[in-house]
Amino acid sequence: MSSQPNVIFMLADNLGYGDLGCFGGSVPTPRLDGLAARGMRFTNFNTEAQCTPTRGALLTGRMPIRTGTFRVPLPGEPGAYGLAPWEHTLADLFSDAGYATACYGKWHLGNVRGRFPTDQGFDEWWGISESSDEASYTSHPLYPPEWESPKILEAKRGQDPTVAAEFDLESRPLMDEGITDRTVAFIKRNAEVGRPFFAYVPFTNLHPPMIAHPDFEHLSADPLPANIAELDHRTGQILDALEEAGVADDTIVVWASDNAAGTLLSEPMGSSGFWRGTFGGGWEGSIRTPAMVRWPDHIPAGVVSDEIIATYDWMPTLAALIGEADRMPTERPIDGLDMSAFVRGE
């Protein structure tokens, strides 16, 4: 077994402050509540107001204005968007430290050669390069048949992505199941050979179009509660995989959302709790989301913190927690703060 801790970072999409049980939500989320109870839960975790900026900040430790990821690109916009090839990502840092790295899920940080996950430090990737709303494109009667349809892609480091499946309204509700299955296999594969691993797991729920997975659609006529329940279940499957592989105590697990809830494309996405504001704005209802971290015997259990932390703090914090703080870039501004002593309770 490796002496370096593994890291799993799970990221929900558009899940609001008030959507989880441990944050006052009405949908039961026992696995996430349990994760929070066994670690540290943050009540003042701050993101960016959109998907792309938050993901850029998370993976670089830098404000989105520095990395060019300061807004979500519009469909059909010309030019390359996302993380430039010269950005040094969290996956680059883990890879340089000898970790196996994988991204399973929504990327939203580039869709051309040089800007896919496997160009940015990840050994493998399965998921969508853009956002979940693409699943509905081909269902529109005016969608031009000569246009390429959205795809689910997969890739290995050093290779161009290939098409894994069509991304449409049929595959949309099955995405988080596919993300979880691949994450579980990645955990098992690396635990068996004793290699430390970093898995970045950006789920697609709760982003529109919301369609309940067949296993959860019986819970509600409204897909929102069903999708929250599925997120909880998928999280539990990943936690169970760590236990079954015998590496739960040696794994740092972080769970957060990329931005808060509200209404998008005329579709409600969940609850911002008691915070004012909605998706895309500057009020807390847009940028304050649930977050939690667990590392048995290293991070105190049952702690609820009101201290301010931000998305770009995770890169320097995780680098320090795995003993690789010296690998943080020094030739460029890093906006995140190392919160490792704080989360350890020191």
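It should be noted that the structure appears before, not after, this text.
Our next topic: helix H8 (residues 314–321). With 8 of its 8 residues buried, H8 lies for the most part within the structure. For H8, the set of buried residues is Trp314, Met315, Pro316, Thr317, Leu318, Ala319, Ala320 and Leu321.

Before going further, it helps to spend a moment on the environment of Leu321. Within the secondary structure layout, Leu321 lies in helix H8. By relative accessible area, which is 4% here, Leu321 ends up buried. Taking C-alpha positions, Leu321 is 28 Å from Gly127, a pair spaced 194 residues apart along the chain. Leu321 has contacts with Pro5, Ile252, Trp295, Ser340, Val343 and Arg344, leaving out every residue within four places of it along the chain.

Taking a probe equal in size to a water molecule and rolling it over the atoms shows the remaining empty space. Evaluation of the coordinates by the stated rule reveals 1 cavity of 30 Å³ or more. Each pocket or cavity is described by its volume, and for the largest cavity that value is around 40 Å³. Around the largest cavity, the lining residues are Phe42, Ile309, Ala310, Asp313, Trp314, Thr317, Met339 and Val343. Contributions of two or more residues to the lining of the largest cavity are made by strand E13 (309–310) and H8. Taken together, the residues of the lining of the largest cavity break down into 6 nonpolar, 1 polar and 1 charged.

So, how was this worked out
- Residues numbered from 1 in each chain as written.
- Predicted model: local features only at pLDDT ≥ 70, side-chain atom pairs only at ≥ 80, totals over all residues.
- Heavy atoms only, no water.
- Buried < 20%, exposed > 50% of the residue type's maximum accessible area, 1.4 Å probe, protein only.
- Helix = DSSP H or I, 4+ residues; strand = E, 2+ residues; numbered from the N terminus.
- Contact = heavy atoms within 4.5 Å.
- 1 Å grid on protein atoms, 1.4 Å probe; cavity = no way out; pocket = protein on both sides within 12 Å on 5 of 7 lines; lining within 4 Å.
- Points joined across faces, edges and corners; volume = space filled by probe spheres on them.
- Nonpolar A, V, L, I, M, F, W, Y, C, P; charged D, E, K, R; others polar.

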